[in-house]
Amino acid sequence: KSKKISDDYWRSPVVTDEYRILSGPLSTLPCDVNAKVLQWLDQKSRRVSDKSLKAIQSDLALLFDFCQQEEECWVPTPMAALRRYVKRNEGIRSNGSIQRLVGYVREVNRALGEPMRDPVLDQELRDLAASGKESRRSLVGIEQIQEISDALGNGVYENYTRALLWVLYDSQFRISRLLNVRLEDLKVIRPSGVVWLPTPDAPVRWEEDGGFLPPSTACHLRDWFGTVEITKGYIFPRVRRGNATGLAATPAHARRIVTTVLQSVEFSGSVSFGAVRQGAISDLFDAEVGLAKVMKSGGYGCYASVKKALAGSEKLDGSSLALAEHQGRLGEPDGY
């Protein structure tokens, strides 16, 4: 009977299409467990968006990969394995994504009649949340970006890290948006040498939308392209064994590279992508170069959002290019 239930689920085209990310992990489960997990996914699909449902599947697929390496069953999930997963991903995945995955794993196990009550893990998650709040208060501004940039060599991952941090700083894109930008979409504005990164949702007025990079940052981007011979596709694709692939990277993949590189140069302090973005906005405030432009380049919807992110300066009118000029790093076009 259990086998029949499982087969009925997989014969459904809706289930096959919606849950294909988990098709491999689910195939490793006994039929009765498989059916219960699919039933739980069906219930979640009625309450969450398609994007959230994909995120749930991706999280569980990551747990499956980890448990495969650890030679553990992924569902029902051993508490010790989940603790090790959390420890392994500290500093690699964002604290929020770790908390989210643990929540989903507990829901799945509860649906299987295996509630996961773990005071030790609960305390670790509280510590993660506290450290996350602390890191958000530690902004990464121009001084830290310059210090990191100067400390890096010219290898594949070093050039990736240098270019990524400078582009994040100057564009104030969220990392998920930046990783979707493709080389074919970039525009070099002559004769200034400024580079424009359009937003993925195809803005109408390119002069006002998207991120602008001064020539100094565009040269770091050019050096990254030259290192791995990128001629098309994503500007920061997934990197495997020192080679750029044609695949889109994830924030976790980018974070892993940057974290590893910073550890190799013994950089003191944590660097989160959100902290770089907020650091740039803080520097814009301090340089007094424009609330309206800050809102536009930072993706804020109202004044209250900006004030909540960073209260401070007045007399604000300008842009991130004006900030680069103010900092003496606008640079000159050089070979791109």
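Above this note sits the structure.
So, here is what we can say about the structure in this document. Source: prediction; values computed, not measured.

Looking at the overall build of the chain
Scanning the chain from terminus to terminus reveals 17 helices and five strands. For the chain, long-range pairs separated by at least 24 residues make up 63% of all intrachain contacts whose partners lie at least 6 apart in sequence. On the chain, roughly 17,200 Å² of surface is accessible, and the fraction owed to carbon and sulfur atoms is 50%.

With respect to unusual backbone geometry
In this model, Val75 is joined to Pro76 through a cis peptide bond whose omega is -10 degrees. Tracing the chain through its elements places Pro76 in the loop between α5 (50-70) and α6 (79-89). Positive phi is not limited to glycine here, since Glu71 has a value of about 55 degrees. Accessibility expressed as a relative area gives 75% for Glu71, which makes it exposed. Located in the positive-phi region is Glu266, a residue other than glycine, with phi close to 55 degrees. Along the chain, the position of Glu266 falls in the loop between α13 (251-264) and α14 (273-287). Classification of Glu266 as exposed rests on a relative accessible area of 72%.

Comments concerning the pattern of salt bridges
Close approach of charged atoms allows side chains with opposite charge to pair. Taken as a whole, this structure holds ten salt bridges when the rule is applied. With a shortest N-O distance of 3.0 Å, Glu72 and Arg84 are connected by a salt bridge. Placement of the pair is Glu72 in the loop between α5 and α6 and Arg84 in helix α6, with a sequence separation of twelve residues. On the basis of relative accessible area, Arg84 is assigned to the partly exposed category, the value being 32%. For the salt bridge of Arg83 with Asp118, the shortest nitrogen-to-oxygen distance reads 2.8 Å.

A few points about the packing of aromatic side chains
For the structure shown, the criterion picks out six aromatic pairs. Relative to Tyr85, the ring of Phe66 lies with its centre 5.3 Å away and its plane at 85 degrees, an arrangement referred to as edge-to-face. Taken together, the residues Phe66 in helix α5 and Tyr85 in helix α6 connect sequence positions 19 residues apart. Note on accessibility: Phe66 and Tyr85 belong to one class, buried. Among the aromatic side chains, those forming a connected cluster through ring pairs are Tyr160, Trp224 and Phe236.

Reading guide: rules and limits
Residues numbered from 1 in each chain as written. Predicted model: local features only at pLDDT ≥ 70, side-chain atom pairs only at ≥ 80, totals over all residues. Heavy atoms only, no water. Helix = DSSP H or I, 4+ residues; strand = E, 2+ residues; numbered from the N terminus. Contact = heavy atoms within 4.5 Å. Areas by Shrake-Rupley, 256 points an atom, 1.4 Å probe, with all protein chains shown as cover. Buried < 20%, exposed > 50% of the residue type's maximum accessible area, 1.4 Å probe, protein only. Salt bridge = Lys/Arg side-chain N within 4 Å of Asp/Glu carboxyl O. Phe/Tyr/Trp six-rings, centres within 6.5 Å; stacked < 30°, edge-to-face > 60°.

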